[in-house]
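Fold and geometry: a report
As a plain string of letters, each chain reads:
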Number of protein chains: 2
Amino acid sequence: MRSLVCSYQWFSLSFFVFSLGVSAFNIPRLGTVQRTHQHEPRTISSSSNLPEDLKTFYYTQRLDHFNYRPDSYATFHQRYFVNFKYWGGAKSGAPIFAYLGAEAPVDPDINFIGFLRENAPHFNALIVYIEHRYYGKSIPFGSWKEAMRNASTRGYFNSAQAIADYASVLLHLKKSLSARNSPVIVIGGSYGGMLASWFRLKYPHVALGALASSAPILYFNGVAPRAGYYYIVTKDFQETSMSCYQTIRRSWSEIDRVAKKPNGLSILSTMFRTCKKLRHSSELKDYLDSVYAEAAQYDHPASYPVKAICGAIDAAAKKTNNILDQIFEGVVAFMKNKSCYDLNIFNYPSQTNMGWRWQTCSEMVMPIGHEESDSMFPPAPFNMKTFVKECRSLYGVLPQPHWVTTYYGGPGLKLKLRRFASNIIFSNGLRDPYSSGGVLESISDSVVAVSTVNGSHCLDILEATPNDPQWLVMQRKSEVKIIKGWIAKYQADLRALNNQNISYN
Amino acid sequence: MRSLVCSYQWFSLSFFVFSLGVSAFNIPRLGTVQRTHQHEPRTISSSSNLPEDLKTFYYTQRLDHFNYRPDSYATFHQRYFVNFKYWGGAKSGAPIFAYLGAEAPVDPDINFIGFLRENAPHFNALIVYIEHRYYGKSIPFGSWKEAMRNASTRGYFNSAQAIADYASVLLHLKKSLSARNSPVIVIGGSYGGMLASWFRLKYPHVALGALASSAPILYFNGVAPRAGYYYIVTKDFQETSMSCYQTIRRSWSEIDRVAKKPNGLSILSTMFRTCKKLRHSSELKDYLDSVYAEAAQYDHPASYPVKAICGAIDAAAKKTNNILDQIFEGVVAFMKNKSCYDLNIFNYPSQTNMGWRWQTCSEMVMPIGHEESDSMFPPAPFNMKTFVKECRSLYGVLPQPHWVTTYYGGPGLKLKLRRFASNIIFSNGLRDPYSSGGVLESISDSVVAVSTVNGSHCLDILEATPNDPQWLVMQRKSEVKIIKGWIAKYQADLRALNNQNISYN
């Protein structure tokens, strides 16, 4: 089994591992990329594991692009990596593939995201990976602790500043390479996919096009789908096994029933082999919730974890009538056999976990909850009031749920994209619960949806393997073909202007 | 003679009158809209002179859209005006015409900008005029003095924040009118025209299209034209009268020659009937520079001031050989006969004058200078070093000349607009010196240049009169036709989606 980014990430002791603070907010899955441990630990945090062709750079980035206060003039060092190996050179006008980092250090992604380096040779493309501010080594104020210290230092940590960073880095890079005529294609997954599509919308003069993989840009206040994240999780399990689905559905009340017994929490702790004794049954329920969601979101065809969980649950049902024993077999199938299970694994105070929680509490308010229709789970709809209250108590800020839709577009966006947008691929796997907030229908000739029925989160941009199913191979091929079309049109435009001797200022 | 905005504005005692701080920076014409006194004073500052149909509103606007610092959560009251008279109502999907205020209080513009109210009846349009932050009554921090006190309070005073304000006001307005399906057309002139085109680029989900009148969006660092502002001023005078042009061209050294005489400054003061005795010949030269530039920029067909100046200069040449006497006759023709001439008239510390100076010193760095080719003027090219130094000493900030081109697009913009932009009219009058930084060729089917050979600054959106020349009438008609086309396409899209019962989220 490979380790993946924009997907599960192997557990290491570094802060790359994270989960999403479910119980703190009662809002499961605030993040768009989930990186939880599975199987064996492996260290991926060191840049020394990066491909040899890669060079590391730091750009002196402005802290605040949208203000001229004295504080705003502060700078920080933003890390980016460049791979020159396949680059056809500035004179040839060969393209630049730019991976836009998301809510994590960018270096692990370099290993797991295959799309750029697998296609660069064919395009003679330069490859760039840019790290998102406040993550990895791109931290203002000298240290992560200082950067996250209070509302004044955290205030600059948001998506508009981040994509302005990307514009600055890319323009700097193009200038220093004299690569004025090299079209830039931005690529990102999950939150990074949203950034890629928004980047094309906001900085079309910098990027010719965007591949936005698993980008739930329609999952915001005022636009969010009725059948949302957990509806898809449920559907994935239903389609895999109705009996498994029923078992999970019935398990919640069974947990409550056992918990209420004398020593109930001890019994549950033993049954689920938890590393620490349960203090409340919600700890177990939140954990199971995360296991199912994670399995659905990262239902990679190399292992199909939903199938693995349901296989184990259904097999256990033949041996025991105890629902919770059956459920535990599902956990073992997903997390592998361990001496004990750390129920906190999804809630470590990692950089990504803490960073993304801040982002959701300030602007990235995605109203994900358990609706009535998400029938595998006990209903617990998203509650904005509670959310606002918890964010205020955590950070002292008032979330701005309308800002993302104001800045990037909200209700009616698809109709509007039709007239003003171009050169964006929205790729989705329909088994990914986040596809519920994705663009799943092509909007115009050049704002195109590429979906796969059996795909999961970010699958298309992950490293290709010889065992990839044909539909995944085809999805990637069609994306490459679309991008080729954009570049060909751009080059034709450029030639036409040059022939007419028209300045293209 | 009518008074105009986006054009000369009649002198009043209010702070609406301004000029551009020429001598302070040695950079004439930093501003895009020039409002200087001419002829008789008339008060236009009071809202009581506004049309009766207009209602005044204040929106509680966020001070900083791009930060979550505690300070950023501060708000201010942003003024806007709505005219419901012609509005066809939300149900009919009738459009909204939104005038985006520029570097001045917005209320005078309501009188002088005719385009919205003249065309609203035909479109059944709602009309909105929104004031730019830090101008008029839309001032943060309680007062203009407080708002401009230091770098911390001025920092929020920039174009990105301003267009985010417009997006917030327009979305609020659409929501409160339940006018979700009403397309918004934004309209602006000069700096406001830049804002309108940038608004369509940055917030295409809010505005269906933009009419950007006399918007020199290509007049920024790295893109700026070789033959710039003063080249066009010179051309305007050359085309009007070669002898007049020669007289002006020769006058600068004549001023210097007289100034060097014993009592030379007294002689010049008397010749030019200055209200205060000249302290340096540059005061006179800066003043004349502004007179010619203003005449060229606002060369309205109702009076053709360039023709008036040259007519007077050439007529004087028949009576006297003294070049400076001839020049003075040109001044009188432009400024009308006065007991004395206030050479400071272009430099009053008005709100607009001071506000725009701040804007140019922070981000709106337009490298306008006197190039060698601007043969009517003594060469004095734009000097970035001097500019930066003067801005630092004035405001303590470092100008960011690359920011406008990073955020809105710079070199190669036209080629790129071709692929990503739609529904923008760039209208220009080619006698307007700012047309040198305008988009003068259509870029695509829907990014269209509408220029007139004899037009001047913002002419198309000013109030129409029965005496308007046919070419101006035609320019306006073609703009209306284009806007009608955008709205028709939008409504067809909307119907198609409704018929398909496709949600357009």
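The structure we're discussing is the one just above.
Every value quoted in this text rests on a predicted model; they were computed, and no experiment measured them. (Residues numbered from 1 in each chain as written. Chains lettered and ligands numbered in written order. Predicted model: local features only at pLDDT ≥ 70, side-chain atom pairs only at ≥ 80, totals over all residues. Heavy atoms only, no water.)

1. With respect to the relation of the copies chain B and chain A
With an RMSD of 0.0 Å, chain B superimposes on chain A once it is rotated by 180° and translated 0.0 Å along the axis. The transformation just described matches what one would write down for a two-fold rotation axis. Minimal C-alpha distance to the rotation axis in chain B is attained by lysine 202 of chain B, lying at 2.8 Å. Most of the interface of chain B is mirrored in chain A, where 100% of its interface residues again form contacts. (Least-squares fit on C-alpha atoms with pLDDT ≥ 70 in both. Contact = heavy atoms within 4.5 Å.)

2. Examining the pairing of strand 2 (residues 75–83) of chain A
All names here are of chain A. For strand 2, a buried count of seven out of nine residues is recorded, marking the element as mostly surrounded by other parts of the structure. Of the pairings in the sheet, the one linking strand 1 (residues 54–62) to strand 2 comprises nine bridges and is antiparallel in character. Note on strand 2: the bridge partner recorded for phenylalanine 57 is tyrosine 80. Bridge count for strand 2 against strand 4 (residues 126–130) is four bridges, and the pairing is antiparallel. Bridge assignment links asparagine 83 to a residue of strand 4, and that residue is isoleucine 127. (Buried < 20%, exposed > 50% of the residue type's maximum accessible area, 1.4 Å probe, protein only. Helix = DSSP H or I, 4+ residues; strand = E, 2+ residues; numbered from the N terminus. Pairing = 2+ DSSP bridges.)

3. Brief notes about the environment of glycine 409 of chain B
Within the element layout of this structure, glycine 409 of chain B appears in the loop between helix 16 (403–408) and helix 17 (413–420). We classify glycine 409 of chain B as buried; its relative accessible area is 5%. On a C-alpha basis, the gap between glycine 409 of chain B and phenylalanine 220 of chain B in space is 9.7 Å, while along the polypeptide they are 189 residues apart. In contact with glycine 409 of chain B, other than residues within four places in its own chain, are His205 of chain A together with Val404 of chain B.

4. What to know about the sheet that holds strand 6 (residues 209–213) of chain A
Residues and elements named next belong to chain A. Pairing is mixed in the open sheet, where eight strands are placed in the order 1-2-4-3-5-6-7-8. Lying at the two open borders of the sheet, with one neighbouring strand each, are strand 1 and strand 8 (447–452). Between one strand axis and the next, the sheet turns through 20° on average, direction left out of account. Together, strand 3 (96–100), strand 5 (184–189), strand 6 and strand 7 (424–429) form the strand contacts of helix 7 (residues 191–202), whose direction differs from that of strand 5 by roughly 150°. (Axes fitted to C-alpha atoms, helices over the stretch in contact; angles between N-to-C directions.)

5. Let's talk about the side chain of glutamate 363 of chain B
By the secondary structure assignment, glutamate 363 of chain B is in the loop between helix 14 (351–362) and helix 15 (384–395). Within the buried core, glutamate 363 of chain B has no salt-bridge partner, and the shortest N-O distance to an opposite charge, that of arginine 62 of chain A, equals 8.5 Å. Not counting chain neighbours up to four residues away, the residues in contact with glutamate 363 of chain B comprise Tyr68 of chain A together with Asn158, Ser159, Ala160, Gln400, Trp403 and Val404 of chain B. (Lys, Arg positive; Asp, Glu negative; His and termini not counted. Salt bridge = Lys/Arg side-chain N within 4 Å of Asp/Glu carboxyl O.)

6. Points about the packing of helix 12 (residues 305–317) of chain A against helix 13 (residues 323–335) of chain A
Residue and element names in this part refer to chain A. At a minimum axis separation of 8 Å, helix 12 and helix 13 run at an interaxial angle of 145°. Taken as a pair, helix 12 and helix 13 cross one another with a handedness that is right-handed. Taking contact as the criterion, the partners of Pro305, Ala308, Ile309, Ala312, Ile313, Ala316 and Ala317 in helix 12 are, on helix 13, Gln326, Ile327, Glu329, Gly330, Ala333 and Phe334. Here the contact of helix 12 with helix 13 is built from residues that sort into ten nonpolar, two polar and one charged. (Left-handed = near helix turned anticlockwise from the far one by under 90°. Nonpolar A, V, L, I, M, F, W, Y, C, P; charged D, E, K, R; others polar.)

7. Focus on the state of the cysteines
All names here are of chain B. A full pass over the atoms with the stated rule returns six disulfides over all chains. Each disulfide pairs two cysteine sulfurs, and for cysteine 244 the partner residue is cysteine 310, the sulfurs being separated by 2.1 Å. Since a negative S-S torsion denotes a left-handed disulfide, the cysteine 244-cysteine 310 link at about -65° is left-handed. Of the two residues, cysteine 244 sits in helix 9 (residues 242–260) while cysteine 310 sits in helix 12 (residues 305–319), which places them 66 residues apart along the sequence. By relative accessible area, which is 0% here, cysteine 244 ends up buried. (Disulfide = S-S within 2.5 Å.)

8. Concerning the interface of chain B and chain A
On the chain A side, the residues contacting the 64 residues of chain B number 64 residues. The contact between chain B and chain A buries some 5600 Å² in all, and 55% of this surface belongs to carbon and sulfur atoms. Where chain B packs against chain A, one counts four salt bridges. A salt bridge links aspartate 71 of chain B to arginine 69 of chain A; its shortest N-O distance comes to 3.2 Å. Our enumeration of links across chain B and chain A arrives at 26 residue pairs in polar contact (both at pLDDT 80 or more). The set of elements that each furnish at least two residues to the side of chain B that touches chain A consists of helix 5 (151–154), helix 6 (159–176), helix 7 (191–202), helix 14, helix 16, helix 17 and helix 18 (470–499) of chain B. Its residues placed into classes, the side of chain B that touches chain A shows 30 nonpolar, 18 polar and 16 charged. (Buried area = accessible area lost by both parts, 1.4 Å probe. Polar contact = N/O pair within 3.5 Å; in protein donor to acceptor, adjacent residues only side chain to side chain.)

9. What to know about the pattern of salt bridges
Side chains that carry opposite charge are capable of pairing whenever their charged atoms lie near each other. All told, the structure shown has 32 salt bridges over all chains when counted by the stated rule. Residue glutamate 146 of chain A pairs with arginine 149 of chain A through a salt bridge whose shortest N-O separation is 2.3 Å. For glutamate 146 of chain A, a relative accessible area of 30% puts it in the partly exposed group. Two residues, arginine 133 of chain B and aspartate 165 of chain B, come together in a salt bridge whose shortest N-O distance is 2.7 Å. With arginine 133 of chain B in the loop between strand 4 (126–130) and helix 4 (144–147) and aspartate 165 of chain B in helix 6, this pair connects stretches of sequence that are 32 residues apart. By relative accessible area, aspartate 165 of chain B is classed as buried at 0%. When salt bridges with common partners are traced through the structure, they connect Arg69 and Asp71 of chain A together with Arg69 and Asp71 of chain B into a single cluster.

10. Observations regarding the sheet that holds strand 1 (residues 54–62) of chain B
Within a sheet, each strand pairs with its neighbour through backbone hydrogen bonds, oriented either parallel or antiparallel. Residue and element names in this part refer to chain B. Strand order across the open sheet formed by eight strands is 1-2-4-3-5-6-7-8, with mixed pairing between neighbours. Of all the strands in the sheet, the pair left with one neighbour each is strand 1 and strand 8 (447–452). Strand-to-strand twist in this sheet, taken as the mean axis angle between neighbours without regard to direction, amounts to 20°. Docked against the sheet, helix 6 engages strand 1, strand 2 (75–83), strand 3 (96–100), strand 4 and strand 5 (184–189), running at close to 55° with respect to strand 2.

11. Some points on the packing of helix 6 of chain B against helix 7 of chain B
Residues and elements named next belong to chain B. Taken N-terminus to C-terminus, the directions of helix 6 and helix 7 make an angle of 65°; their axes are 10 Å apart at the nearest point. One way to sum up the angle between helix 6 and helix 7 is to call them roughly perpendicular. The two elements helix 6 and helix 7 cross, and the hand of that crossing is right-handed. Where helix 6 approaches helix 7, its residues Ser159, Ile163, Tyr166, Ala167 and Leu170 are matched on the opposing element by Tyr191, Leu195, Trp198, Phe199 and Lys202. Here the residues of the contact of helix 6 with helix 7 are counted per class, giving eight nonpolar, one polar and one charged. (Parallel < 35°, antiparallel > 145°, perpendicular 65-115°, else oblique.)

12. Some thoughts on the nonpolar core
Counting residues in hydrophobic clusters, the biggest one holds 238 residues, and the most contacted among them are Trp198, Phe199 and Tyr292 of chain A together with Phe199 and Tyr292 of chain B. Sequence-distant contacts of tyrosine 292 of chain B, defined by excluding residues within four places in its chain, comprise Val233, Phe237, Ile248, Trp252, Ile309, Ile327, Met376 and Phe377 of chain B. (Core = buried A, V, L, I, M, F, W, Y, C linked by side-chain atoms within 4.5 Å.)

13. Comments concerning unusual backbone geometry
All names here are of chain B. Positioned with a positive phi, asparagine 263 is a non-glycine residue whose angle comes to about 60°. Inspection of the secondary structure puts asparagine 263 in the loop between helix 9 and helix 10 (264–271). Here asparagine 423, not a glycine, exhibits a phi torsion of approximately 55°, which is positive. Note that asparagine 423 resides in the loop between helix 17 and strand 7 (424–429).

14. Focus on the pairing of strand 5 of chain B
All names here are of chain B. The element strand 5 is largely enclosed, with a buried count of six among its six residues. By the alternation rule, side chains of strand 5 split into Val184, Val186 and Gly188 and Ile185, Ile187 and Gly189, which are all buried. Across five bridges, strand 5 lies against strand 6 (residues 209–213) in parallel orientation. Among the inter-strand pairings, valine 186 is bridged to a residue of strand 6, identified as alanine 210. Taken together, strand 5, helix 7 and strand 6 form a β-α-β motif whose crossover is right-handed. (Right-handed = clockwise from strand over helix to strand, strands pointing away.)

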